[in-house]
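Coordinates in review
Listed below are the residues making up each chain.
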Amino acid sequence: MTWNPDPQALRSRIALVAGATRGAGRGIAAALGEAGATVICTGRTTRTGATRSDYRRPETIEETAELVDSLGGTGVPVPCDHTDPDQVAALADRVRAEHGHLDVVVNDIWGGEGLHGPDNWDTPIWDLDLADGLRMLRLGLETHLITSHHLLPLLLDRPDDGTADYNATRYRISVFYDLVKIGVNRLAFSQGHELAPRNGTAVAITPGWMRSEMMLEAFRTTEDDWWAAAAPPGFAVSETPRYVGRAVAALAADPDRRRWNQRSVSSADLAGAYGFTDTDGSRPDVWRYELDGATDPVGYR
């Protein structure tokens, strides 16, 4: 039986995706649009070129908003540098004035891809560039705190990259990268503690091996023929950005979403619970594939 998104599941809901320009952020915004939401798409890269992210890539928040529109939602592009508290405060004021509240806030900002690479993986902290490491923490953690500080009140005004299990025993690339990944999971736990008495829910959701624009370029392939790329075996269990987007949309549409509060889950975990699929109809689960030590992707997508 083919799964299809419910275009009314989030109709009239207001969502904000911080870091919606590309990758998982764009996939999440798109999936919220599939479910009928109004999606405020924030990021630094705009069509006008007035602002630009560290990546210096061509994708823009306007393109993401147009994708949301094409899928049945309403996309609203809003330029914002989430490292700047004043800009995020102004964003909160604008959302309050134009929409009155938020139903969903997605903190998807990362921006650290240019600060680590195979040439410095597994490098001890004393040999790493300190400025780059601190920049990674600022992009991957500080932005989440700034965004939560200014935008969570808009949720409360409304009445109502691995899971923690995977990361617990695995060192991830460098001290700074590892700290960001663990820190974001813990942030969901901490914020969930404060939101629960106010009928709010905080969940850390990670995609699996995601075929983002940058990942496809790294393996010199496209979404049309990714399966033939020269890549490690786990790439066969990779997923599109829309998959984690549908995970967010399903969670947002669930009236009993509080059962997930403070948890760290993957897109595959939520696919199993809610029944959605990736765009090709499969349910890839690379984290289970890795934990099982599998070499054959059959049974993992």
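Below: a short report on this structure. Note that the coordinates shown come from a computational prediction; the quantities given were computed from them, not determined experimentally. (Residues numbered from 1 in each chain as written. Predicted model: local features only at pLDDT ≥ 70, side-chain atom pairs only at ≥ 80, totals over all residues. Heavy atoms only, no water.)

**What to know about the nonpolar core**
If you look at the biggest cluster of nonpolar residues, it comprises 22 residues, and the most contacted ones within it are Leu10, Val17, Ile28, Ala29, Leu32, Val39 and Cys41. Mapped by element, the contributors of at least two residues to this core are β1 (14-18), α1 (23-34), β2 (38-43), α2 (61-70), β4 (104-107) and α8 (241-253). Ranked by residue count, the leading element in this core is α1, at five residues. Sequence-distant contacts of Leu10, defined by excluding residues within four places in its chain, comprise Leu32, Ala35, Gly36, Ala37, Ala249, Ala252 and Ala253. (Core = buried A, V, L, I, M, F, W, Y, C linked by side-chain atoms within 4.5 Å. Buried < 20%, exposed > 50% of the residue type's maximum accessible area, 1.4 Å probe, protein only. Helix = DSSP H or I, 4+ residues; strand = E, 2+ residues; numbered from the N terminus. Contact = heavy atoms within 4.5 Å.)

**Focus: the packing of α1 against α2**
With their axes 8 Å apart at the nearest point, α1 and α2 run at an angle of 25 degrees to one another. With respect to their mutual orientation, α1 and α2 come out roughly parallel. The handedness of the crossing between α1 and α2 is right-handed. Contacts between α1 and α2 involve Arg26, Ala29, Ala30 and Gly33 on the former and, on the latter, Glu63, Thr64, Leu67 and Val68. Looking at the contact of α1 with α2, its residues break down into four nonpolar, two polar and two charged. (Axes fitted to C-alpha atoms, helices over the stretch in contact; angles between N-to-C directions. Parallel < 35°, antiparallel > 145°, perpendicular 65-115°, else oblique. Left-handed = near helix turned anticlockwise from the far one by under 90°. Nonpolar A, V, L, I, M, F, W, Y, C, P; charged D, E, K, R; others polar.)

**Some words on the pairing of β2**
Looking along a regular strand, one sees side chains alternate from face to face of the sheet. The element β2 is largely enclosed, with a buried count of six among its six residues. On β2, burial covers both faces: Thr38, Ile40 and Thr42 on one face and Val39, Cys41 and Gly43 on the other are all buried. Where β2 lies against strand β3 (residues 74-79), six bridges are found, and the strand directions are parallel. Bridging across to β3, Gly43 finds its partner in Pro79. (Pairing = 2+ DSSP bridges.)

**Section: unusual backbone geometry**
Residues other than glycine seldom take positive phi values, yet Asp122 does so here, at roughly 60 degrees. Checked against the element boundaries, Asp122 lands in the loop between β4 and α4 (130-156). Exposure remark for Asp122: the relative accessible area of 57% places this residue in the exposed category. Even without being glycine, Arg220 reaches a positive phi, approximately 50 degrees. Among the residues examined, Arg220 registers a relative accessible area of 78% and is labelled exposed.

**Some words on the pattern of salt bridges**
According to the stated counting rule, one finds 15 salt bridges in the structure shown. Of the charged contacts, one joins Glu59 and Arg22 as a salt bridge, the two residues approaching to 2.9 Å between their closest N and O atoms. Taken as a pair, Glu59 in the loop between β2 and α2 and Arg22 in the loop between β1 and α1 lie far apart in primary sequence, 37 residues in all. Taken as a pair, Glu59 and Arg22 share a single burial class, namely buried. Across the pair Arg94 and Glu98 runs a salt bridge whose closest N-O atoms are separated by 3.2 Å. With Arg94 and Glu98 both in helix α3 (residues 85-98) and four residues apart, the pair spans about one turn of that helix. Residues participating in the shared-partner salt-bridge network are Arg22, Arg57, Glu59 and Glu217. (Salt bridge = Lys/Arg side-chain N within 4 Å of Asp/Glu carboxyl O.)

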